Amino acid sequence: LFASGNGDCAELSRDDLFSAIDQAREQGCKLFYLTGGEPLVHPDFMAACERILADGETHLVILSNGRALAKYQSWLQQQDHNRLHFQVSLDGMQGNHDALRGCGSFAELKQNLQRLKELGQSASLSMSINSNKVHEMTDAVDFAAEHGVANLHFMWLFVKGKAGRELFVAPQ
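Before going into details, it helps to say that this report is about the structure given with it. None of these values were measured; they are calculated from a predicted model.

### Quick word on the pattern of salt bridges
- Counted according to the given criterion, the structure contains nine salt bridges.
- Notably, a salt bridge pairs Arg51 with Asp22, separated by 2.7 Å at the nearest N-O pair. Here Arg51, found in helix α2 (residues 45-53), pairs with Asp22, found in helix α1 (residues 14-26); they are 29 residues apart in sequence, far enough to count as distant.
- For Asp22, a relative accessible area of 22% corresponds to the partly exposed category.
- The shortest N-O distance in the salt bridge between Asp91 and Arg101 comes to 2.5 Å. Of this pair, Asp91 sits in the loop between β3 (84-89) and α4 (94-101) while Arg101 sits in helix α4; the two residues are ten residues apart in sequence, bridging distant segments of the chain.
- For Asp91, a relative accessible area of 8% puts it in the buried group.
- Salt bridges linked by common partners bring Asp22, Arg25, Lys30, Arg51, Asp55 and Glu57 together as one network.

Reading the values: rules and limits
- Along each chain, numbering runs from 1 in the same order as the chain's sequence is written.
- Only residues with pLDDT of at least 70 are given local features in this predicted model, and only at 80 or more are side-chain atom pairs given and counted; all residues enter the totals for whole chains, interfaces and linings.
- Here the side-chain values reflect all heavy atoms present in the structure, with hydrogen atoms and water set aside.
- Salt bridge, as used here: a side-chain nitrogen of Lys or Arg that lies within 4 Å of a carboxyl oxygen of Asp or Glu.
- The secondary structure listing takes helices from DSSP runs of H or I that are at least 4 residues long and strands from runs of E that are at least 2 residues long, numbered from the N terminus.
- The buried label goes to any residue with under 20% of its type's maximum accessible area, the exposed label to any with over 50%, and the partly exposed label to all in between, with areas taken from a 1.4 Å probe on protein chains only.

Structure below.
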């Protein structure tokens, strides 16, 4: 699933998306991931989720920045929270997160984590490590704990696009 929301990129069509879901299910897939861009802005987001979750044995993980969660609050209240999970992007602590996602986005992240918690929805955090954020890893662990998030996923930086080699942190 790909959606960036600004209309300048090709998105996976509804037919292609549903075909991929059906083919994966036919092959025995029980764990689906919707990622992006930002899956919550795809025009067929809810329909895709419902198609995946129609099989009572499947689980769905949504990798998101969380910024469009409010739009889906009533829908999320109706979902089986044992089968639907969120992995929310944390792009460092406030300074780094706001620099990448826009001023105020860190505060919005905190609100969305609270929203998920109130809905009884499980969430994990995901943070790609680069030279600007490596010193914030301990703070990220504390942030996750303060917000009731039990899982924090640190990822290697993929040197591609805006993520140049100068941001890569080599293993020590």
